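Single-letter residue listing:
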2 protein chains.
Amino acid sequence: MNIGFIGLGVMGTPMAGHLADAGHSIFTCLNRSPLPQDLADKGVEVVASPAEVAARCDTVIVMVPDTPDVERVITGEGGVLENVREGSLVIDMSSISPIATQDLAAAVNAKGGLYVDAPVSGGEVGAKAATLTIMCGGPQAAFDRAEPLFDLMGKNITLIGEANGAGQTCKIANQIIVALNIEAVGEALVFASKAGCDPAKVREALMGGFASSKILEVHGERMINRKMDPGFRINLHQKDLNLALQSARALGVSLPNTATAQELFNSCSANGGGEDDHSGMVKALERLANHQVAG
Amino acid sequence: MNIGFIGLGVMGTPMAGHLADAGHSIFTCLNRSPLPQDLADKGVEVVASPAEVAARCDTVIVMVPDTPDVERVITGEGGVLENVREGSLVIDMSSISPIATQDLAAAVNAKGGLYVDAPVSGGEVGAKAATLTIMCGGPQAAFDRAEPLFDLMGKNITLIGEANGAGQTCKIANQIIVALNIEAVGEALVFASKAGCDPAKVREALMGGFASSKILEVHGERMINRKMDPGFRINLHQKDLNLALQSARALGVSLPNTATAQELFNSCSANGGGEDDHSGMVKALERLANHQVAG
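Just so you know, the residues in each chain are numbered from 1, in the order the chain's sequence is written. By the order in which they are written, chains take letters starting at A while ligands take numbers starting at 1. With pLDDT at 70 or above as the cut-off, local features in this predicted model cover only qualifying residues; side-chain atom pairs require 80 or more to be listed or tallied, and sums for whole chains, interfaces and linings still use all residues. The side-chain figures draw on all heavy atoms in the structure; neither hydrogens nor water molecules are used.

Draft legend 1. Summary view of helix α13 (residues 281-289) of chain A. Exposed residues in this analysis have more than 50% of their type's maximum accessible area, buried residues have under 20%, and partly exposed residues fall in between, with area computed by a 1.4 Å probe over protein chains only. The helix and strand labels rest on DSSP assignments: H or I over at least four residues marks a helix, E over at least two residues marks a strand, and numbering proceeds from the N terminus. Those residues of α13 of chain A that fall on the buried side of the exposure criterion are Met 281, Val 282, Ala 284, Leu 285, Glu 286 and Ala 289 of chain A. In this analysis, two residues are considered to be in contact whenever any of their non-hydrogen atoms come within 4.5 Å of each other. Against α8 (166-194), α10 (214-225), α11 (234-251) and α12 (256-270) of chain A together with α12 (256-270) of chain B lie the buried residues of α13 of chain A. Phi turns positive, to about 50°, at Asn 290 of chain A, one or two residues after α13 of chain A.

What follows is the structure in structure tokens.
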């Protein structure tokens, strides 16, 4: 099958590679970077624009950084929308605003096309291993068409709801919990360490009880061992919490601890830590307490 | 062995029962409530005061609600301290201030006695099943003497540090993480629900990924199914966060999200929810958003 794939970055390159490996013919267009050699070897074909990609492919996948990027690719000049027709399927796997997503989907629907928002979690490791978690919003029929492609890129694939934006909303919910669980472990370890306890012993004692979480296990260990290489970078998580806070304002939801977590990330950036793993949020709490977590 | 056990409430009654079942002779004194029939049947003996308990027993366990209660039992008039002597071991299994704990331990040490702070988690269920998590602070020799008794009441038993207060500090760290993970799940589910998603689908999609936690599993389900019967009551968790915030002030630690979580609990109490399970914190977030989590 001809499949368009727009956005061949750290995530998109291995994802498109899996689709090519399965025998699909992949069409793309380039923005700044040249076509990765690996994808050239797999026969990925480069055309002039997103509109051209859509002309050649009934199914177009988008995987770009942020809301304005998706808008440029789909509704911008020379965008996918110019060649959306009856039978087109647009799949946005970027992590963007659920509210902008509804507008994009409406534009695609107006020309007879289907739209699925399908942001992922699992990072570069998950993209390479084809084990991404994929959270989807869109009509059942659109999801059913997309699912065989998702199966080539991910493992835990859920249709959250038939309204477009449901996938993006779920992704934001994920990023809220991850950020706040990091903040929770950070507060607990800074508190315990400044009180004179070995934070590693505290972490061990809490694993398995009601305080246990994936974050206590993975990011708690990073905070104690001072391993702040990403992983998932603080400046990316700031983008996601910005989506959370903007969407919350639009929806009429109050997210007090998400707001604080964003401010702590801002403090990390201000102190040169924007490229750290998001477990580096603990450093902002350490600055507040004038104390570094130490065993 | 003669063992003193002061504080035969919801937790203390089954804990003392396990010690009696193992063949120990249990001595207690009563405050307001009569001796539970079950413990009378097991031969638990009532004497006049904490001092009298300490006169009869080298090892005295205390399990009462709050810091002032422990102070009354140990250093108050007719308290345990009056008969502490070389060879005495005082074990405080209440959840109280780590700073007050240091003073209590110093008073016991000054009369030649040993002190272990050993707060628990696992609640009434864990107390009855003898599966409590026990977090300990105190000298290794004191811990070694106490451990065979802990083995009769709990499962995951850790000496956090040899300084008294380390157990209490770890318990506070546990309560910080539990409260903040509840808050995190609450923010995510209110956000997703107000955005029109089925919160049960969102919870399912997030389980197994980086957002996964014991709280998402257990308390997330409670928020969705509106099962707010305790469990662990909000007014008890307020007591624990009060310890966290007071200790943080004394230590010079800043706990911004713990402070917010306590305010959300306060809102629950103000609205008649102080006796709800702590997953009821979501109701405070729902009031802020004028929206109830619903499928």
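This is not the end of the story, as more comes after the structure.
Draft legend 2. Layout of the packing of α8 of chain A against α10 of chain A. All names here are of chain A. Every angle, taken between N-to-C directions, lies between 0 and 180 degrees, and every axis is a line fitted to C-alpha atoms, over only the stretch in contact when it is a helix. For the pair α8 and α10, interaxial distance at closest approach is 10 Å and the crossing angle is 50°. As summarised for this structure, α8 and α10 are arranged oblique, according to the angle between their axes. The hand of the α8/α10 crossing is right-handed. Touching Val 178, Asn 181, Ile 182, Val 185, Gly 186 and Leu 189 of α8 are Ile 215, Leu 216, His 219, Gly 220, Met 223 and Ile 224, all from α10. As a working rule, the residues Ala, Val, Leu, Ile, Met, Phe, Trp, Tyr, Cys and Pro are called nonpolar, Asp, Glu, Lys and Arg charged, and the rest polar, with Gly in that last group. Counted by class, the contact of α8 with α10 contains 8 nonpolar, 4 polar and no charged residues. Angles below 35 degrees are treated as roughly parallel, those above 145 as roughly antiparallel, those between 65 and 115 as roughly perpendicular, and all remaining angles as oblique. Handedness of a crossing follows from how the near helix is turned relative to the far one, being left-handed for an anticlockwise turn of less than a right angle and right-handed for a clockwise one.

Draft legend 3. View of the packing of α12 of chain A against helix α8 (residues 166-194) of chain B. Taken N-terminus to C-terminus, the directions of α12 of chain A and α8 of chain B make an angle of 105°; their axes are 9 Å apart at the nearest point. The angle between α12 of chain A and α8 of chain B places the two elements in the roughly perpendicular class. Counting all contacts with α12 of chain A, which are made through Pro 256, Asn 257 and Thr 258 of chain A, the residues of α8 of chain B involved are Leu 180, Glu 183 and Glu 187 of chain B. Grouping the constituent residues of the contact of α12 of chain A with α8 of chain B by class yields 2 nonpolar, 2 polar and 2 charged.

Draft legend 4. Expanded view of the interface of chain A and chain B. At the interface, 58 residues of chain A touch 58 residues of chain B. When two components associate, each loses some accessible surface as probed by a 1.4 Å sphere; the sum of these losses over both components is called the buried area. Between chain A and chain B, the buried area comes to about 4,900 Å², and carbon and sulfur atoms account for 71% of it. Only one rule defines a salt bridge in this text: a Lys or Arg side-chain nitrogen within 4 Å of an Asp or Glu carboxyl oxygen. The interface formed by chain A and chain B holds 0 salt bridges in total. N or O atoms closer than or at 3.5 Å make up a polar contact, with two conditions inside protein: a donor-capable atom paired with an acceptor-capable one, and, for residues adjacent in sequence, both atoms drawn from side chains. The interface formed by chain A and chain B contains 12 residue pairs in polar contact (both at pLDDT 80 or more). If you tally residues by element for the side of chain A that touches chain B, the top one is α8 of chain A, at 20 residues. In terms of residue class, the side of chain A that touches chain B is made up of 37 nonpolar, 16 polar and 5 charged.

Draft legend 5. Seen up close, the relation of the copies chain A and chain B. Each copy is superposed on the other by least squares, with the fit set by C-alpha atoms of residues at a pLDDT of at least 70 in both. If you rotate chain A by 180° and push it 0.0 Å along the axis, it lands on chain B with an RMSD of 0.0 Å. Considering both components of the superposition, the chain copies are consistent with a two-fold axis. No C-alpha of chain A approaches the rotation axis more nearly than that of Ser 213 of chain A, which lies at 1.9 Å. Same-surface contact between copies: 100% of interface residues of chain A are shared with the interface of chain B.

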